[in-house]
Amino acid sequence: MSSKKNTARSSLGIGRLPGSKADVSNLFIHLCTAQNKQGNKYKVGGNIEAVFTKFVSEGKFTIRFKEPAHDLCVKADPVLAKTFLQTLKLGIQNKDIDKLRLSTLAPVKQSQVEKPKTKLVITCKKDYPITTAFPYSLETLRVNDVDLTRVENRIMKLKRLQILDLSHNIIQVLPATMNEMHSLAELHLAHNKIKGISHQVFTGKISKTLRLLDLSNNHMEYLPHTLGQLVSLVTLRLDNNFLKKLPISLGKLTSLKFFSASNNKLVELPASVFHLKMENIDVFGNPFTSQLGIVANNMPKGVPNLREIASAYCVKRGLRPTAADIPATLVEYLQSWLKCLCGRICYESHILTCISLNLKLVAPALTIGNAFETSTPALATLCSQKCFDKFTKR
Ligand SMILES: [Zn+2]
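Procedures and definitions
Residues numbered from 1 in each chain as written. Predicted model: local features only at pLDDT ≥ 70, side-chain atom pairs only at ≥ 80, totals over all residues. Heavy atoms only, no water. Patch = residues over 30% accessible without salt bridge, like charges linked within 9 Å, V, L, I, M, F, W, Y side chains within 5 Å. Areas by Shrake-Rupley, 256 points an atom, 1.4 Å probe, with all protein chains shown as cover. Salt bridge = Lys/Arg side-chain N within 4 Å of Asp/Glu carboxyl O. Helix = DSSP H or I, 4+ residues; strand = E, 2+ residues; numbered from the N terminus. Buried < 20%, exposed > 50% of the residue type's maximum accessible area, 1.4 Å probe, protein only. Arc of directions from axis to C-beta. Donors = N, O, S within 2.8 Å, 3.2 Å for Na, K, Ca; no water. Tetrahedral: all angles 85-135°; square planar, octahedral: opposite > 155°, others 65-115°. Pairing = 2+ DSSP bridges. Contact = heavy atoms within 4.5 Å. Axes fitted to C-alpha atoms, helices over the stretch in contact; angles between N-to-C directions. Domains from an automatic or database assignment. Phe/Tyr/Trp six-rings, centres within 6.5 Å; stacked < 30°, edge-to-face > 60°. Lys NZ or Arg CZ within 6 Å of the ring centre and 35° of its normal.

**Some points on a nonpolar patch on the surface**
Point 1. Together, Val303, Leu306 and Ile309 make up an exposed nonpolar region whose accessible area comes to about 340 Å².
Point 2. Looking at the secondary structure, you find Ile309 in helix α5 (residues 306-316).

**Observations concerning α5**
Point 1. Buried residues of α5: Glu308, Ser311, Ala312 and Cys314, and no others. Burial along α5 is one-sided: seen end-on, the buried residues are contained in an arc of 155 degrees. Every exposed residue of α5 that faces more than 90 degrees away from the buried side is listed here: Leu306 and Lys316.
Point 2. Where α5 ends, the next residue or the one after it, Gly318, has phi of about 75 degrees, a positive value.

**Description of the coordination of the zinc ion**
Point 1. Each protein donor to the zinc ion is listed here as Cys340 (SG), Cys342 (SG), Cys383 (SG) and Cys387 (SG); together their distances run 2.2 to 2.3 Å.
Point 2. Here the zinc ion binds four donor atoms, and the angle range of 105 to 113 degrees at the metal identifies the geometry as tetrahedral.
Point 3. When the donors of the zinc ion are listed by position in the chain, the intervening gaps give C-x1-C-x40-C-x3-C. On the criterion of sequence distance, the pair formed by Cys340 in the loop between β17 (338-339) and β18 (345-346) and Cys383 in the loop between β21 (375-382) and α7 (385-393) is long-range, its members being 43 residues apart. As far as the burial class goes, Cys340 and Cys383 line up, both buried.

**Considerations on the sheet that holds strand β19 (residues 351-358)**
Point 1. Taking strand neighbours across the sheet as the criterion, the four strands line up as β14-β21-β19-β16 in an open arrangement whose pairing is mixed. Among the strands making up the open sheet, the edge pair consists of β14 (269-270) and β16 (293-297).
Point 2. Here β19 pairs with β21 via eight bridges, running antiparallel. Bridge pairing links Leu352 to Thr381 in β21.
Point 3. Of the strands in this sheet, β16, β19 and β21 are in contact with α7, which crosses β19 at around 25 degrees.

**Observations concerning the domain arrangement of the protein**
Point 1. Parsing the protein into structural domains produces domain 1 (10-113) and domain 2 (119-242).
Point 2. Each of domain 1 and domain 2 has a C-alpha centre, and these two points are 42 Å apart.

**Some words on the packing of aromatic side chains**
Point 1. In total, this model carries four aromatic pairs according to the counting rule given.
Point 2. Taking the centre distance of 4.2 Å and the plane angle of 10 degrees together, the rings of Tyr42 and Phe65 count as stacked. A residue pair is termed long-range when its members are at least 10 positions apart, and Tyr42 in strand β3 (residues 40-43) and Phe65 in strand β5 (residues 60-65) qualify at 23 residues. For the residue pair Tyr42 and Phe65, the accessibility class agrees, reading buried in each case.
Point 3. On the basis of an interplanar angle of 25 degrees and a centroid distance of 5.7 Å, the ring pair of Phe61 and Phe84 is categorised as stacked. Separated by 23 residues along the polypeptide, Phe61 in strand β5 and Phe84 in helix α1 (residues 78-92) bring together distant segments of the chain.
Point 4. On the accessibility criterion, Phe84 (11% relative accessible area) is buried.
Point 5. If you follow Lys252 out to its NZ or CZ, it ends over the ring of Trp337, 4.2 Å from the centre.
Point 6. One residue, Arg307, lies across the ring of Tyr333, its end atom 3.8 Å from the ring centre.

**Describing the environment of Gln229**
Point 1. Inspection of the secondary structure puts Gln229 in the loop between β11 (212-214) and β12 (235-237).
Point 2. Overall, the relative accessible area of 26% leaves Gln229 in the partly exposed class.
Point 3. Note: C-alpha distance between Gln229 and Leu269 (40 residues apart in sequence) is 18 Å.
Point 4. When residues no more than four places from it in sequence are discounted, the contact partners of Gln229 are Phe202, Thr203, Ser207 and Gln335.

Here it is as structure tokens:
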């Protein structure tokens, strides 16, 4: 009715005073804000000119009152909005009011009208909630230096959490169920005692949303091959661990721009990184002692098997059959593809060989050993004798 808008986070209820007669004439809409916890009461009986509900599926509706003559525009959780309107409708119809779930029109508590908390930082043991829950609305949670030993289930259940920082604790194992976290974009786990990670951690919902993974300064000796499923990963930090090798699937992280694995025990890199376009690679302080040459020749005498040929075709065409289409073991097999330096997809039929890879072709900013070094030994899967001849001569 008026263009003048006065918006406030509010608590909205329908109620009647305890003890009053169950009749529409005693019904009120009760609107409370942080400034006015007692709230304003609007009479329901004969006082509502119209209710506009066209956008109720988005949680929006408007109630037009006669006295005071103004509109109450509401934006709420869609489920709560529908429940509210349903109760209001029954109230206006004056039917079974004693059976409706109504408020007592009591003043609201501060927690009911304040903005939901989106960020929580805990750096002291006594601040870590033990008997109370974490606010459901958290988007950022940082818990540092409190000797946390595990990632708790109630943290993993925070559906809106985007940044989880548990660095500087004593966590040893990551639970497999972490993969079901809904919106996680950054996972900071530096300076813990993580030894190994189960392959499930990098699958599931997390594989689509995670953009930053910091596992530096831990005790890791290996990483699972499912690392390659983190398709949105931009930053990967693995510095100061005990890693000897990295999974070949590293080359599947097509969004990766910043990669560091300095001060590990790497003897080589996977040559699959050749397919990436990164901005910065830091692998300083690794031995890189692998000898160049053939590691294993897995080329079949005759034609590769049908499973391999059909799977390579599927990957090339971007087909992604699920367990509903083909056996689950085949789905897993399909995802285990390797890429030859020529770009061809291969599976078990390949020549595994250690080549010298010029990382300048992968990223403009490099730290390997001294300022002039640009190459490291790299383990390549080559699809044919032809590719072997071509790439080992280079
Ligand atoms: Zn090839």
